[in-house]
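# Observations on the three-dimensional arrangement
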Amino acid sequence: MSNNTNIVPESYPMNGGDGSNSYTKNSYFQRAGTNAVKAIIDDVIAEKLDVEKQISSSKSTFRIADLGCSVGPNTFIAMQNIIDAVQQKYQSHGFASHMPEFQVFFNDHTSNDFNTLFASLPPERPYYATGVPGSFHGQLFPDFSLDFVHSSFALQWLSKVPEELLNKNSAAWNKGRVHYASAPDEVAEAYTAQFAKDITTFLDGRAKELVVGGLMVLIMPGIPNGIPHSGSATGLMFDILGHCLMDMAKEGLIREVQVDSFNLPVYVASPKEMTQLVERNGCFSIERMKITQPWARIDDLSGKACTMHLRAGMEGIISKHFGTEIIDELFDRYCKKHGEFIGLLVSKRNEGNQLFIVLKRK
C-alpha cells in the first residue's frame, strides 16, 4: 500500500476483462455520452471533411485514432459511427468509386487490457485494427499521418497528481479530501495548472500528427462557464467517495494519513478553459464546442449505476493506494451514502456535465 506517492494513471487501468465489475460491463455513462453527440459528429463530417483534398492527394487509406480507447465496446461503436459518416460523405458527393480503406489505431496506456479489446473486436468490421500503447500526452504517430482523431472520456485524466498536493507544507496539501471540488483555492489552482500543462502537450502532439484539414472530436466531463468547481456532478461524486474513505478512517479500517495523501488525478474543464488552451496552441480552429447533457434518465444517477461506474474506473487506483481488501466495503458504503445526495445530483444533471469539442487542423 502507498502512503505518499504520486498517482500516475497508466499504472492503474480501468477494470479489465468482462466480469461484473469490469469497465466493459459498466461503461454505460460513456456510451450515452457518445450516442448523445453522434448526430453532431455526423453533421461536422458532412460539412467540414474535405474529401476532394483526400482524393487529389491520392491517399488510399483514411486513418483514425481513438485516444484512450479502454477495453470496449464503446470505442467500436464510436469508430463505426465515424466511418459510416465518412462513407456517407464520399457517397453523397459522388465519390463512391474513390472510397478509401480505413485503418483505426486503438490507443491507451501500456497497462490497458488490450487482450480483451482485441478479443472483442467486431468480426465484420470495415477497417484494419492496430493497437498503439502509450500516453497521449505527447506525440504517438508520425507527422501528418492521421485524418481523424477521437477521444472520449479520457482527457479528464491528468498525467499525474499535482506535486503540490504531496507536500504537507504546501497550501495545496489536500488533507481529508481526495479531489479539488470542495477544497481550498490552492488545491483547485494546482489541478488547473496541471490540466493546462497536459492539454498543451496533448494539443502539441495532435498538431504534429493530423493532416491539414484533419478533424478531432473530444468528449469529456465538463462544467458550464461560471459554475464553481464544487458545482460539478463529477466533483460531487468524488466528494462522496472522500466522505466514505474518511468515515472508514475514523473507524480505524484505514489510516487517515492514507486519505490525506490520496488525490484523484481527474479534472473537469469548462468551455472557457478549453477555448483558451486551444487558442494558445494556435494550430486548430474550433468548429463546435458545447456543454451537453447525455444522461436524460433519472435511473442513470441511481446509487447502483453510479457505484458500478465509479468502481469500474477507479478500483485500480484505490486498491493500489489502500489495498484490495477495502474495495467491497468502500463501494457498499458509497452506494448507501449516494442516496443522501441524490437530490443534489439530479439538480446538477440539468446544468449539463459533458463537454463536446470539434477541432480542425489549420
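Residues numbered from 1 in each chain as written. Predicted model: local features only at pLDDT ≥ 70, side-chain atom pairs only at ≥ 80, totals over all residues. Heavy atoms only, no water.

Per an unreviewed UniProt entry, the recorded name for the protein is S-adenosylmethionine-dependent methyltransferase, and the organism is Lithocarpus litseifolius.

Moving on to unusual backbone geometry. With an omega dihedral of 5 degrees, the bond running from Gly72 to Pro73 counts as a cis peptide bond. Structurally, the position occupied by Pro73 is in the loop between β1 (61-67) and α4 (74-92). Although it is not a glycine, Phe153 adopts a positive phi angle of roughly 55 degrees. (Helix = DSSP H or I, 4+ residues; strand = E, 2+ residues; numbered from the N terminus.)

On to the packing of aromatic side chains. For the structure shown, the criterion picks out 11 aromatic pairs. Both rings, one in Phe114 and one in Phe118, keep their centres 6.2 Å apart while their planes meet at 20 degrees; by these two values the pair is stacked. Note that Phe114 and Phe118 are positioned in helix α5 (residues 114-119) at a spacing of four residues, about one turn of the helix. Overall, the relative accessible area of 15% leaves Phe114 in the buried class. Within the aromatic cluster, the residues linked to one another by ring pairs are Phe76, Phe106, Phe114, Phe118 and Tyr127. A cation over a ring is seen here: Arg206 above Phe202, with NZ or CZ 4.8 Å from the ring centre. (Phe/Tyr/Trp six-rings, centres within 6.5 Å; stacked < 30°, edge-to-face > 60°. Buried < 20%, exposed > 50% of the residue type's maximum accessible area, 1.4 Å probe, protein only. Lys NZ or Arg CZ within 6 Å of the ring centre and 35° of its normal.)

It is worth spelling out the pairing of strand β2 (residues 101-108) at this point. Within β2, seven of the eight residues are buried, which leaves the element mostly enclosed by the surrounding structure. By the bridge criterion, seven bridges tie β1 to β2 in an arrangement that is parallel. Of the residues in β2, the one forming a bridge with Leu67 is Asn107. In this fold, β1 hands off to α4, which returns the chain to β2; that crossover is right-handed. Where β2 meets strand β3 (residues 128-133), six bridges bridge the pair, whose relative direction is parallel. Bridging from a neighbouring strand, Asp108 pairs with Pro133 of β3. Between the parallel elements β2 and β3, the chain passes through α5 in a crossover that is right-handed. (Pairing = 2+ DSSP bridges. Right-handed = clockwise from strand over helix to strand, strands pointing away.)

Turning our attention to the sheet that holds strand β5 (residues 210-221). Here we have seven strands laid out as an open sheet, ordered β3-β2-β1-β4-β5-β7-β6, and mixed in their pairing. Looking at the sheet topology across the chains shown, the edges are occupied by β3 and β6 (284-292). The mean angle between the axes of side-by-side strands here comes to 15 degrees, regardless of whether they run parallel or antiparallel. Where helix α2 (residues 38-48) meets the sheet, it contacts β4 (146-152), β5, β6 and β7 (354-361), and its direction lies at approximately 160 degrees from that of β6. (Axes fitted to C-alpha atoms, helices over the stretch in contact; angles between N-to-C directions. Contact = heavy atoms within 4.5 Å.)

What follows is about the pattern of salt bridges. Enumeration according to the criterion identifies 12 salt bridges in this entry. Between Glu287 and Lys48 there is a salt bridge, with its nearest N and O atoms 3.1 Å apart. Separated by 239 residues along the polypeptide, Glu287 in strand β6 and Lys48 in helix α2 bring together distant segments of the chain. Looking at Glu287, the relative accessible area reads 18%, which means it is buried. Here Arg311 and Glu315 are joined by a salt bridge, their closest N and O atoms 3.0 Å apart. Here the residue Arg311 and the residue Glu315 both occupy positions in helix α10 (residues 303-322), the gap between them amounting to four residues, near one helical turn. Like Glu315, Arg311 is buried. Through salt bridges with shared partners, one network takes in Lys175, Glu256 and Asp260. (Salt bridge = Lys/Arg side-chain N within 4 Å of Asp/Glu carboxyl O.)

The subject of this paragraph is the pairing of β7. Counting buried residues in β7 gives seven out of eight residues, a clear majority hidden from the surface. Pairing of β6 with β7, which is carried by eight bridges, proceeds in the antiparallel orientation. Bridge pairing in β7 links Phe284 to Arg361.

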